[in-house]
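Report on the structure
Take a look at the letters that make up each chain.
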Amino acid sequence: VSTATVSISNASRLGGGDVYFRRLFYTDACRRIDLVAGYQFSRINQDLTFRSSRISVDSAGSIPVDTVVDVEDLFATKNEFHAGEIGLLAEYDRGFLTWSLLAKVGLGRMRQRVSIDGETSVTVPGQSAVVTDQGLLALDTNIGEYSQSVFAVSPEVALTAAYHLNHAVDLTVGYSFIYWNRVAQPSAQIDTALNTTQIAGT
């Protein structure tokens, strides 16, 4: 009936930072534990795009041969997290090596924005293209922009080891884990129950 190509692209961008104050809670000859409190900011943006192009090749079909149907669906999400944070920072000093463990949690507001858009272009040989503002998954029933603010929690754990090469230089290696419990993602915005009567070019 037709030949076609399909492509799917997914882009993710993550950024953020925090600032906190330390207050001594416990110390001895080798160990130190601080209470930490401060502010945390994170931004998590994702785009999911579907593109397809098909050409009619069936001379006996209802669609003229060489008719080109281009379809694009875009699902984009933006998340901004503003939170206060509290936690503990523990350090263990062995002279030439210092271990640090940071454990904290951010409590605040996640601002979520979702954008859904689609376009279908049908080009019959010898005629101008007919463009419709909907795709295959992005239809009249869900196209648009939506936003909400929700309460979110973001725990974080970071383990670091610093090797003291001399009095002025440290070699540091570590691992950090951070989690957000409320993030709007593009894949969750897709309604897979298609209404084929709304799909252009069929």
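Relevant structure appears above.
The structure displayed is predicted, hence computed values, not measured ones.

This part covers the overall build of the chain. Within the chain one finds 0 helices and 7 strands. What you see in the chain, going N to C, is helices and strands ordered as β-β-β-β-β-β-β. Expected size for 202 residues packed as a compact globule is a radius of gyration near 17 Å; at 26 Å, the chain overshoots this value by more than 25%. Structurally, the chain occupies a C-alpha span of about 90 × 35 × 25 Å along its principal axes. With 202 residues in all, the chain has 30% of them scored as buried. Intrachain contacts of the chain at a sequence separation of at least 6 include 71% that bridge at least 24 residues. Accessible area for the chain stands at about 12,500 Å²; split by element, carbon and sulfur atoms hold 57% of it. With 15 positive and 21 negative side-chain charges, the chain shows a spacing of 13 Å between the two charge centroids.

Bridge analysis of strand β3 (residues 68–93) against strand β4 (residues 97–123) gives 26 bridges, and the strand direction is antiparallel. In the strand pairing of β4, I86 is matched with V105. Hairpin geometry of β3 and β4 is characterised by an intervening segment of 3 residues between the two adjacent antiparallel strands and by a positive phi of about 90° at G95. Across 20 bridges, β4 lies against strand β6 (residues 144–164) in antiparallel orientation. Residue pairing across strands places S115 opposite E145, the latter belonging to β6. With 3 bridges joining them, β4 and strand β5 (residues 130–132) adopt antiparallel strand pairing. Across the sheet, T120 pairs through a bridge with T132, a residue of β5. What sits between β4 and β5 in their antiparallel hairpin is a turn of 6 residues, with G126 showing a positive phi close to 85°.

On to the pattern of salt bridges. Counted by the stated rule, this structure contains 12 salt bridges. Among the ionic pairs, D34 bridges to R22, the shortest N-O distance being 2.6 Å. On the criterion of sequence distance, the pair formed by D34 in strand β2 (residues 31–56) and R22 in strand β1 (residues 2–27) is long-range, its members being 12 residues apart. Between R32 and D34 there is a salt bridge, with the nearest N and O atoms lying 2.9 Å from each other. Residue classification places D34 among the buried positions, given a relative accessible area of 0%. Bridged by salt links that share partners, the residues D18, E85, K104 and E156 form one connected network.

Where like charges cluster on the molecular surface, the negative patch consists of D70, D117, E119, D133, D140 and E145. Following the sequence through the fold, D70 ends up in strand β3. Classification of D70 by relative accessible area gives partly exposed; the value is 32%.

Two numbers describe a pair of aromatic rings. These are the distance of the centres and the angle of the planes. As enumerated under the stated definition, the model contains 2 aromatic pairs in all. Residues F50 and F75 carry aromatic rings whose centres are separated by 6.4 Å and whose planes lie at 85° to one another, so their mutual orientation is edge-to-face. Of the two residues, F50 is situated in strand β2 and F75 in strand β3; the sequence distance between them amounts to 25 residues. Exposure class is identical for F50 and F75. Each is buried. When the centroid spacing of 6.0 Å and the interplanar angle of 70° are considered together, the rings of F96 and Y163 count as edge-to-face.

With that settled, consider the pairing of strand β7 (residues 170–178). Taken together, the 9 bridges between β6 and β7 define a ladder with antiparallel strand orientation. Following the sheet pairing, E156 is matched in β7 by I178. Counting the residues that bridge the hairpin from β6 to β7 gives 5 residues.

Glancing now at unusual backbone geometry. Of note in this structure, D66 is not a glycine but carries a positive phi near 75°. Secondary-structure assignment places D66 in the loop between β2 and β3.

Bringing the environment of I63 into the picture now. Checked against the element boundaries, I63 lands in the loop between β2 and β3. Residues I63 and N79, spaced 16 residues apart in sequence, show a C-alpha to C-alpha distance of 43 Å.

With respect to the secondary-structure elements, S56 resides in strand β2. A relative accessible area of 8% means that S56 is categorised as buried. Reaching out from S56, the side chain makes a polar contact with the backbone oxygen of P64 at a distance of 3.4 Å.

How each quantity is defined
- Residues numbered from 1 in each chain as written.
- Predicted model: local features only at pLDDT ≥ 70, side-chain atom pairs only at ≥ 80, totals over all residues.
- Heavy atoms only, no water.
- Helix = DSSP H or I, 4+ residues; strand = E, 2+ residues; numbered from the N terminus.
- Rg over C-alpha atoms; globule rule 2.2 N^0.38 Å.
- Buried < 20%, exposed > 50% of the residue type's maximum accessible area, 1.4 Å probe, protein only.
- Contact = heavy atoms within 4.5 Å.
- Areas by Shrake-Rupley, 256 points an atom, 1.4 Å probe, with all protein chains shown as cover.
- Lys, Arg positive; Asp, Glu negative; His and termini not counted.
- Charge placed at Lys NZ, Arg CZ, Asp CG, Glu CD.
- Pairing = 2+ DSSP bridges.
- Salt bridge = Lys/Arg side-chain N within 4 Å of Asp/Glu carboxyl O.
- Patch = residues over 30% accessible without salt bridge, like charges linked within 9 Å, V, L, I, M, F, W, Y side chains within 5 Å.
- Phe/Tyr/Trp six-rings, centres within 6.5 Å; stacked < 30°, edge-to-face > 60°.
- Polar contact = N/O pair within 3.5 Å; in protein donor to acceptor, adjacent residues only side chain to side chain.

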